[in-house]
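# Structure at a glance
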Amino acid sequence: MKKIRSIILLGLAAAAFSACEDTIDLEVPNGKSYPVLDAWLTTENGPQTIRFTNSVVSYTNNTPATVIADATITVEDLTAGITYPFTFSNGAYRNDPGGDKSIGVLGHVYRLTLTYNGETFVATDSIKRVPQIDSISYKYKSEEDALSGEGGYYADLHATDFAGGNDYYWIRSYRNDRSTRNTDQYAINGAFNEDVADGWNFIDPIQEGITDDDRPYQLGEKVIVRIASLSKPSYYFIQQVIDQRENFGLFARVLENVRPNLTNTTPNGKTKILGWFGTSAVSFAERTIH
């Protein structure tokens, strides 16, 4: 009888809570649209791409951002004194130095210049060192052994941070090819904090972070890993983006635009451009699950 009474009380409580639920239609006002630059150059050979779009004005609008096609964009290698013009085609601005050549050179400083609506903007970044990936290992875990409950192959990245100074890294893994992004991680000195680790092997959480625990690799799949170096400003720009993306819950702060690194050099210029110009040296490794 006590068990039946408890079930009845739980049912009444659930009904009471559901009765208190109301659907509220919120009218979110449109915001202001800003030009947004997405420019990240690397040491990889071949073409480099820069995207320049307008941000959407409605919070609930899921349509793609509109492309801005009438800007003039150049990137100058300040170290070598070489200027690379970027030409608009097929929705983006591109420069192809040739299949066996690279715009990005380790240790060089780069300045992007963008002219739009009669105003000029500049941003600079430098290409920092990046460690080579020593190897990729993997092990099979059954559904019972895996903490996520997903059976499959769990891959680990093996790399060593440079000794001396703080180094900032962006680690990305792919599944089968580089069009299928798997995980993203961001590290300092192969760990998570400045002035703590130095010259260490990348720590276990970063090694293991190239596997999506909810969807581990399977036989025949290829694990691809990229480490990209970051300047300190670029690293903290990405952290701002993550903070805004994960800003929710009871103690969420008011959303804000992430601070860009583009400076309007036009006297009395009125336009503001969001986004970032960054540069990276990159290293890759891959391994097929057998």
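Figured I'd write up the structure that's included with this text. (Residues numbered from 1 in each chain as written. Predicted model: local features only at pLDDT ≥ 70, side-chain atom pairs only at ≥ 80, totals over all residues. Heavy atoms only, no water.)

### Describing the overall build of the protein
Going by this rule: Labels follow the DSSP assignment, with helices taken as runs of H or I lasting at least four residues and strands as runs of E lasting at least two, numbered in each case from the N terminus. Only protein chains enter the calculation, and the probe is 1.4 Å; a residue is then buried if its accessible area is under 20% of its type maximum, exposed if over 50%, and partly exposed in between. We call two residues in contact whenever any of their non-hydrogen atoms come within 4.5 Å of each other.
Helices and strands together make up the secondary structure of the protein, namely three helices and 15 strands. For the protein, with 290 residues in total, the buried portion stands at 38%. In the protein, once contacts between residues fewer than 6 apart in sequence are set aside, the share between residues at least 24 apart is 65%.

### Overview of the side chain of Asp167
Put simply, the rule reads: A 3.5 Å cut-off defines polar contacts: any pair of N or O atoms within that distance qualifies, except that in protein one atom must be a possible hydrogen donor and the other a possible acceptor, and neighbouring residues in sequence count only when both atoms are side-chain atoms.
On the secondary structure map, Asp167 appears in the loop between β9 (152-159) and β10 (168-175). Given the relative accessible area of 5%, Asp167 is considered buried. Reaching out from Asp167, the side chain makes a polar contact with the side chain of Arg129 at a distance of 2.8 Å.

### Quick word on the environment of Phe284
Assignment of secondary structure puts Phe284 in strand β15 (residues 282-288). In this structure Phe284 comes out as partly exposed when scored by relative accessible area, which is 30%. Measuring from C-alpha to C-alpha, the distance between Phe284 and Ile171 comes to 10.0 Å, with 113 residues separating the pair along the chain. Setting aside its immediate chain neighbours within four residues, Phe284 contacts Glu44, Ile133, Tyr174, Arg178, Ile224, Val225 and Arg226.

### Description of the environment of Gly164
One can find Gly164 in the loop between β9 and β10. The class for Gly164 is partly exposed, based on a relative accessible area of 39%. Put simply, Gly164 and Asp195 are 31 residues apart on the chain and 9.7 Å apart in space, counted from C-alpha to C-alpha. For Gly164, the residues in contact, after removing those within four places along its chain, are Arg129 and Asp198.

### Focus on the pairing of strand β7 (residues 119-126)
Selection rule: Strands pair, by our definition, only if DSSP identifies at least two bridges between them.
Pairing of strand β6 (residues 109-116) with β7, which is carried by eight bridges, proceeds in the antiparallel orientation. Residue Tyr116 lies in a different strand from β7, and its bridge partner there is Glu119. Counting the residues that bridge the hairpin from β6 to β7 gives two residues, and of these Asn117 lies at a positive phi of roughly 55°. Bridging between β7 and strand β13 (residues 263-264) involves two bridges; their strand directions are antiparallel. Across the sheet, residue Val122 finds its bridge partner in β13, namely Thr263.

### Digging into the pattern of salt bridges
Spelled out, the test is: Salt bridge, as applied in this entry: a Lys or Arg side-chain nitrogen positioned within 4 Å of an Asp or Glu carboxyl oxygen.
This structure, assessed with the given rule, holds nine salt bridges. In this structure, Arg129 and Asp167 form a salt bridge, with 2.8 Å as the shortest nitrogen-oxygen distance. Highlighted residues: Arg129 in the loop between β7 and β8 (133-141) and Asp167 in the loop between β9 and β10, separated in sequence by 38 residues. Look at the salt bridges and you will find they share partners, linking Arg172, Arg181 and Asp184 into a network.

### Focus: the sheet that holds β10
Where we set the bar: Structural elements are reduced to axes, namely lines fitted to C-alpha atoms, with helices fitted over the stretch in contact, and the angle between N-to-C directions of any two is expressed from 0 to 180 degrees.
Read from one edge to the other, the open sheet built from four strands follows the order β11-β10-β12-β15, with strand pairing classed as antiparallel. Looking at the sheet topology across the chains shown, the edges are occupied by β11 (181-188) and β15. Neighbour-to-neighbour, the strand axes of this sheet turn through a mean angle of 15°, independent of strand direction. Where strand β12 (residues 222-230) meets β15, seven bridges bridge the pair, whose relative direction is antiparallel. If you follow Lys222 over to β15, its bridge partner there is Thr288. Relative to the sheet, helix α3 (residues 232-245) contacts β10, β11 and β12, its axis offset from that of β11 by approximately 125°.

### Structural notes on a negative patch on the surface
To be explicit about the condition: Only residues whose relative accessible area exceeds 30% and that take part in no salt bridge are eligible for patches, with like-charged residues grouped when within 9 Å of each other and nonpolar side chains (Val, Leu, Ile, Met, Phe, Trp, Tyr) grouped when within 5 Å. Every accessible area reported is derived by Shrake-Rupley at a probe size of 1.4 Å, with residue values counting cover from the shown protein chains alone. Under the counting rule used here, the positive set is Lys and Arg, the negative set is Asp and Glu, and His together with the chain ends is not counted. Taken as the charge location is NZ of Lys, CZ of Arg, CG of Asp or CD of Glu.
A surface patch of like charges, here negative, comprises Glu143, Glu144, Asp145, Glu150, Asp204, Glu208, Asp213 and Asp214. In this structure, Glu143 sits in the loop between β8 and β9. Residue classification places Glu143 among the exposed positions, given a relative accessible area of 53%.

### Observations concerning the sheet that holds strand β1 (residues 35-42)
Strand order in the open sheet formed by nine strands is β13-β7-β6-β3-β4-β5-β2-β1-β14, with mixed pairing between adjacent strands. The strands lining the two open edges of the sheet, one partner per strand, are β13 and β14 (274-280). Both strand β3 (residues 72-77) and β6 contribute to a ladder of six bridges, which runs antiparallel. Note that in β6 the partner of Val75 across the bridge is Leu112. Strands in contact with α3 are β1, β7 and β14; relative to β14, the strand with the most contacts, it is inclined by about 135°.

### Observations concerning the pairing of β10
Where burial is concerned, most of β10 is hidden: eight out of the eight residues are buried. The alternating pattern of β10 places Tyr168, Trp170, Arg172 and Tyr174 and Tyr169, Ile171, Ser173 and Arg175 on opposite faces, both of which are buried. Where β10 and β11 come together, seven bridges link them in antiparallel fashion. Its bridge partner being in β11, Tyr169 is matched across the sheet by Ala187.

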